[in-house]
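Chain by chain, the residues run as shown.
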Amino acid sequence: MTLLSLASKQIWPQVLAVAHLKPNRVFLLHSEDVAESRGPAQRLKRFFDDSGLVPKGGTRLELISDSDFAAIERRLDDLQRDQQLPLADCVVNFTSGNKLMATAAFRWAARHARAFYLERRNQLTWFTAPDGKMVTRSEQLDGRLTDNLDPVALLRCQLDASEVQRPGQTILLNDAGQKLAEGDFFRRLQSGNDARPWLRITGEADRDAKDGDALEFAAAAILLRLGVKRVQRSLRLKVKSSQQTGTRLPHAEIDLLFTWNGRLWLVDCRDRMPAEDLAENLRRCLPRPLNPQADELLARIQKELSIGQTKVMKEDLLAVREAGGLLGNVICVRKADLPDEVAQYAHHNHIAIVARRELVEGFRDLLFPKRPADSAQLASLAAQFPKP
């Protein structure tokens, strides 16, 4: 199979399609636009060459127009003729590119070959036109095909304005972590045991220990035991360097990063009480009754500190939109319950909140959203709705 694929800033339609179809050759069709097309195509080529998803040397870059409909079709004709590509073996992925590029590529494929479009729900829809009559069929693509791919390599492929300053630590389960019974493994972690004796950790992170390290390692261990292949910890991103604006300072840090079901997942861990609780604790320590001015000032301080939590989530959201693209997911792990307004902001922006006390079930629900209810969940529901 030869895959002719329109390149754009979103890499997952390319990565998932290649992992599913396993083409012998890939032609990444890109325009002159560096940010929207040419740059992503170049990064994808490096990724395909390094990851082994495409045979070495089997990925090529090809320039096409992004504004001339007829020129796009002529370019595809020329490419097919010059490279002597059998039309029966050609498949066009028109998921990406601007609308004009996608429409032209689709029409060319309908006349000469086959085409497909990949929906966000991993539904692959095929289009063929034998005898001039359009025929479609759909199939579900298995996102788990990409679970073994290096999350840092995928991150580098997706990033545009930023680059990886520090890849951090790669975390896997060691033999002891794999052999320990699952129930016992989870009980020990939820009881506060250090996860590191069950982990194989390579790479570098901060030399000085931090209060939140234990939670990050526990979260990584639970994710791995639930089926995630590897977890990357303590990555740092910086603004992409250039001769004019080079910088060594990081602008974002990712606590945990992993690949699951055709997506990049970013996890933000905070193992301390909310900052706004400091104002409430201070209120209890002050002599009563408080005068109105002091009471108003404490209320303002509490509100400002609460806003800070929303700001952290906004930063996470910006980071995952660049790091994971449209299919990126954010998980916030928190020690304490969040204020209603912060929880609502997270819900509206599809940010998952997992309480530290519920790490196992919280992660399990996110990784396996369609799994049937287990006996404990059924018993809990039965208790809530007793028979009359």
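This text goes with the structure placed above it.
Residues numbered from 1 in each chain as written. Predicted model: local features only at pLDDT ≥ 70, side-chain atom pairs only at ≥ 80, totals over all residues. Heavy atoms only, no water.

A. Region of the structure containing the packing of helix α1 (residues 12–21) against helix α2 (residues 34–51). Orientation of α1 relative to α2, taken along the N-to-C sense of each, is 30°, at an axis distance of 11 Å. Here α2 runs roughly parallel to α1, going by the angle between their axes. Here α1 and α2 pass one another in a crossing that is right-handed. Note on element contacts: α2 touches α1 through L44, F47 and F48, opposite Q14, V15 and V18. Broken down by class, the residue content of the contact of α1 with α2 amounts to five nonpolar, one polar and no charged. (Axes fitted to C-alpha atoms, helices over the stretch in contact; angles between N-to-C directions. Helix = DSSP H or I, 4+ residues; strand = E, 2+ residues; numbered from the N terminus. Parallel < 35°, antiparallel > 145°, perpendicular 65-115°, else oblique. Left-handed = near helix turned anticlockwise from the far one by under 90°. Contact = heavy atoms within 4.5 Å. Nonpolar A, V, L, I, M, F, W, Y, C, P; charged D, E, K, R; others polar.)

B. Structural view of the nonpolar core. Membership of the largest hydrophobic core comes to 41 residues, with the highest contact counts inside it found for V15, F48, F116 and L154. Tallying contributions element by element places α1 first for this core, with six residues. Contacts of F116, omitting those with residues within four sequence positions, involve L3, A17, L21, V91, V92, N93, F94, T95, L124, T125, W126 and F127. In terms of nonpolar packing, the next biggest core, distinct from the first, is built from 34 residues, A195, V228, I331 and A352 among them. (Core = buried A, V, L, I, M, F, W, Y, C linked by side-chain atoms within 4.5 Å. Buried < 20%, exposed > 50% of the residue type's maximum accessible area, 1.4 Å probe, protein only.)

C. Highlighting unusual backbone geometry. For K22, which is not glycine, the phi dihedral falls at a positive 55°. Within the element layout of this structure, K22 appears in the loop between α1 and β2 (25–30). A positive phi angle, close to 60°, is found at S234, a residue other than glycine. S234 gets classed as buried once you look at its relative accessible area, which sits at 1%.

D. Examining the pairing of strand β5 (residues 114–118) more closely. As judged from the three bridges shared by strand β4 (residues 90–93) and β5, these two strands associate in the parallel manner. Considered in β5, the bridge of V92 is made with A115. Two strands pair when backbone bridges link them, and β5 and strand β6 (residues 123–128) are joined in this way by four bridges, in the antiparallel orientation. Bridge pairing in β6 links Y117 to T125. Connecting β5 to the antiparallel partner β6 that follows it, the hairpin turn spans four residues, and N122 within it adopts a positive phi of roughly 65°. (Pairing = 2+ DSSP bridges.)

E. The arrangement of the packing of aromatic side chains in detail. Under the defined criterion, the tally for this structure stands at ten aromatic pairs. Taking the centre distance of 5.5 Å and the plane angle of 50° together, the rings of F185 and W198 count as tilted. One end of the pair, F185, is in helix α7 (residues 182–190); the other, W198, is in the loop between α7 and β10 (199–203), with 13 residues separating them in the sequence. For the pair F185 and W198, one class covers both residues: buried. Grouped by ring-pair contacts, the aromatic residues F94, F106, Y117 and F127 constitute a single cluster. (Phe/Tyr/Trp six-rings, centres within 6.5 Å; stacked < 30°, edge-to-face > 60°.)

Coordinates in, geometry out; function isn't part of it.
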